[in-house]
Amino acid sequence: MVNPTPWFNDKAFDAVMNYRFANAVKEFVIDKKIKLVATAFVDSINSYINQYPKDNTYVLQNLMDSHDVDRCHLNN
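Let me sum up the structure you'll find in this document.

Moving on, we come to the overall build of the protein chain. Scanning the protein chain for helices and strands turns up 3 helices and 0 strands. Helices and strands in the protein chain line up, N terminus first, as α-α-α. With 76 residues in all, the protein chain has 26% of them scored as buried. Restricting to contacts in the protein chain with at least 6 residues of sequence separation, those with at least 24 account for 61%. Carbon and sulfur atoms provide 55% of the accessible area of the protein chain, an area that totals close to 5,500 Å².

In this section: the nonpolar core. Among the nonpolar cores identified, the biggest contains 10 residues, and these are Phe8, Val16, Ala24, Val25, Leu36, Phe41, Ile45, Tyr48, Tyr52 and Leu60. Mapped onto this core, the elements with two or more residues apiece are α1 (19-30) and α2 (38-51). It is α2 that contributes the most residues to this core, 3 residues altogether. In contact with Tyr52, other than residues within four places in its own chain, are Asn3, Pro4, Thr5, Phe8, Asn18, Arg20, Thr57 and Leu60.

It helps to recall that an α-helix has 3.6 residues per turn; residues three or four apart then point in one direction. Here α2 spans 20 Å end to end across 14 residues, near enough to the 20 Å set by a 1.5 Å rise per residue. Here α2 has its buried residues at Phe41, Ile45 and Tyr48. Buried residues along α2 cover an arc of 65 degrees about the axis, so they all sit on one side. Opposite the packed face of α2, turned more than 90 degrees from it, sit the exposed residues Thr39, Asp43 and Asn50.

Definitions and cut-offs
Residues numbered from 1 in each chain as written. Predicted model: local features only at pLDDT ≥ 70, side-chain atom pairs only at ≥ 80, totals over all residues. Heavy atoms only, no water. Helix = DSSP H or I, 4+ residues; strand = E, 2+ residues; numbered from the N terminus. Buried < 20%, exposed > 50% of the residue type's maximum accessible area, 1.4 Å probe, protein only. Contact = heavy atoms within 4.5 Å. Areas by Shrake-Rupley, 256 points an atom, 1.4 Å probe, with all protein chains shown as cover. Core = buried A, V, L, I, M, F, W, Y, C linked by side-chain atoms within 4.5 Å. Expected span 1.5 Å × (residues − 1). Arc of directions from axis to C-beta.

Shape descriptors only; they carry no functional weight alone.
Pasting the structure below:
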């Protein structure tokens, strides 16, 4: 998963599609092959929260799927 931190500056974007969140939720709730335990889920969320500027975390677009990524399916 690409880290968008370099895009958070005065010349680029205030927000991005937060696919890191979607991936963590998918692995914690949906994915049967990769099953995160609660502590690993929290660590995953905290990893990007600690990397992004605080103000940017308030406007992240937390989508579970879109035309840009594979759709979520409960039968993974």
